[in-house]
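# Report on the structure
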Amino acid sequence: MKGRRRSLLSMKGRRCGTLTPEPQHLSQLEYKHAVFAAKEAAFQAKNSSSGSSVRQYIIPTYVHIVVSDDGTGMGDVAKDVVEKQVKALNEAYATNAATAGIQWVFQVRSVVKTSGPDMCDQQNEASMKAKLRKGSRDALNLYITDLSACGLLGYSSWPWDLKKKGMVMDGVVIHYDTLPGGQYRPYNLGRTGIHEIGHWLGLYHTFQNGCNGNGDSVQDTPFCASPSEGCPVHRDTCPQPGEDPVRNFMDYSDDSCMRAFTSGQHGRVEQMWKQYRLMV
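Residues numbered from 1 in each chain as written. Predicted model: local features only at pLDDT ≥ 70, side-chain atom pairs only at ≥ 80, totals over all residues. Heavy atoms only, no water.

### Some points on the pattern of salt bridges
Applying the stated criterion to the full structure yields 7 salt bridges. Arg-268 is paired through a salt bridge with Glu-30; the nearest N and O atoms lie 2.9 Å apart. Residue Arg-268 is found in helix H8 (residues 263-277), and its partner Glu-30 is found in helix H2 (residues 23-47); the two are separated by 238 residues along the sequence. One exposure class covers both Arg-268 and Glu-30, and it is buried. One salt bridge in this structure joins Asp-76 and Lys-113, with 2.8 Å as the shortest N-O distance. Of this pair, Asp-76 sits in the loop between strand E1 (55-68) and helix H3 (79-92) while Lys-113 is found in strand E2 (residues 102-116), placing the two residues 37 residues apart along the sequence. A single salt-bridge network, built from bridges that share partners, covers Arg-133, Asp-170 and Arg-277. (Salt bridge = Lys/Arg side-chain N within 4 Å of Asp/Glu carboxyl O. Helix = DSSP H or I, 4+ residues; strand = E, 2+ residues; numbered from the N terminus. Buried < 20%, exposed > 50% of the residue type's maximum accessible area, 1.4 Å probe, protein only.)

### What to know about helix H7 (residues 191-200)
Here H7 lies mainly inside the structure; 10 of its 10 residues are buried. Taken as a whole, H7 has its buried residues at Arg-191, Thr-192, Gly-193, Ile-194, His-195, Glu-196, Ile-197, Gly-198, His-199 and Trp-200. With its phi angle positive at about 110°, Gly-202 sits one or two positions after the end of H7.

### Some points on the confidence of the model for the chain
Across the chain, pLDDT averages 89, with 91% of residues at or above 70. In this model, residues 1-11 is a region of pLDDT below 50 whose contacts with residues beyond four sequence positions or in other chains number 26 contacts. (pLDDT = per-residue confidence, 0-100. Contact = heavy atoms within 4.5 Å.)

### Some points on a negative patch on the surface
On the surface, Asp-69, Asp-70, Asp-118 and Asp-121 cluster together into a negatively charged patch. Residue Asp-121 is classed as partly exposed on the basis of its relative accessible area, which comes to 34%. (Patch = residues over 30% accessible without salt bridge, like charges linked within 9 Å, V, L, I, M, F, W, Y side chains within 5 Å. Areas by Shrake-Rupley, 256 points an atom, 1.4 Å probe, with all protein chains shown as cover. Lys, Arg positive; Asp, Glu negative; His and termini not counted. Charge placed at Lys NZ, Arg CZ, Asp CG, Glu CD.)

### Quick word on empty space enclosed by the protein
The full count for this structure, using the stated rule, is 1 cavity of 30 Å³ or more. Within this model, the largest cavity holds a volume of roughly 30 Å³. With 3 residues, H8 is the single largest residue contributor to the lining of the largest cavity. Grouping the amino acids of the lining of the largest cavity by side-chain chemistry returns 5 nonpolar, 2 polar and no charged. (1 Å grid on protein atoms, 1.4 Å probe; cavity = no way out; pocket = protein on both sides within 12 Å on 5 of 7 lines; lining within 4 Å. Points joined across faces, edges and corners; volume = space filled by probe spheres on them. Nonpolar A, V, L, I, M, F, W, Y, C, P; charged D, E, K, R; others polar.)

### Digging into the packing of aromatic side chains
A complete count under the given rule lists 12 aromatic pairs for this structure. Between the aromatic rings of Tyr-93 and Phe-261, the centroid separation amounts to 4.4 Å while the plane-to-plane angle is 35°, which identifies the pairing as tilted. A residue pair is termed long-range when its members are at least 10 positions apart, and Tyr-93 in the loop between H3 and helix H4 (97-100) and Phe-261 in the loop between H7 and H8 qualify at 168 residues. Take Tyr-93 and Phe-261: they sit in the same class, and that class is buried. Feature note: the residues Tyr-57, Trp-104, Trp-200 and Trp-273 constitute an aromatic cluster, connected by ring pairs. In this arrangement the basic side chain of Arg-277 is found over the ring face of Trp-200, its NZ or CZ atom lying 3.8 Å from the centre. (Phe/Tyr/Trp six-rings, centres within 6.5 Å; stacked < 30°, edge-to-face > 60°. Lys NZ or Arg CZ within 6 Å of the ring centre and 35° of its normal.)

### A word on the side chain of Thr-95
For Thr-95, the location among the structural elements is in the loop between H3 and H4. With residues up to four places along the chain from it excluded, the contact list for Thr-95 reads Phe-249, Arg-259, Ala-260, Phe-261 and His-266.

Here is the structure:
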């Protein structure tokens, strides 16, 4: 195995294989995003109506269950488990959404089960995505499969990857035993899908940049120096105000600990959505 997968095999606790951009690329991305967000804010201020309204975004969701083709049946999940995962997604992305004036709705368009090779292998991943991916730039393709060979709970593409890599590789891959009721305790309440889709929507880990710089580029998530394990409430690892956001979906806490997104995270996701997924 190469790249992101190999480097994470020895980690303890939650294993997220989504690669953070290199510092120079990250600075460029955040600068472009800041310029876009400023223009969007000016446009909204000029064209806003007096009445309050909630902006709703429907995310067409295509679920692909990729069962191992080696005869073991690894990766298989029942339809009702998928339904529980989607319910968990919609509940999670509703937290503090009203405060932000934004509503996210994951709307399932299809659930397709197929057999395939190990998606821990990057060539296999590319071939399966080329075969299975559906929808346009705004469509979430969620691949549920067995990731035990690479020691990951899941990984995702970033929204800005669309510009260089196109739509084929766009999507989220999660280990099947992380779905609600799965065997991967304490990560079996569906939070992995929520977490990885957060990356797909443009959110960093809450511990991005540690106590330095702009942190995770969201104003209302307190700085934290490192990922959490378990549920260490009242943990405080940075000198800036606020305890570590250990209950945030973008930390590494146990599934039972994760409870919410912030209003600021919803705002960042909305800007990312407009910047990358609504542009041609």
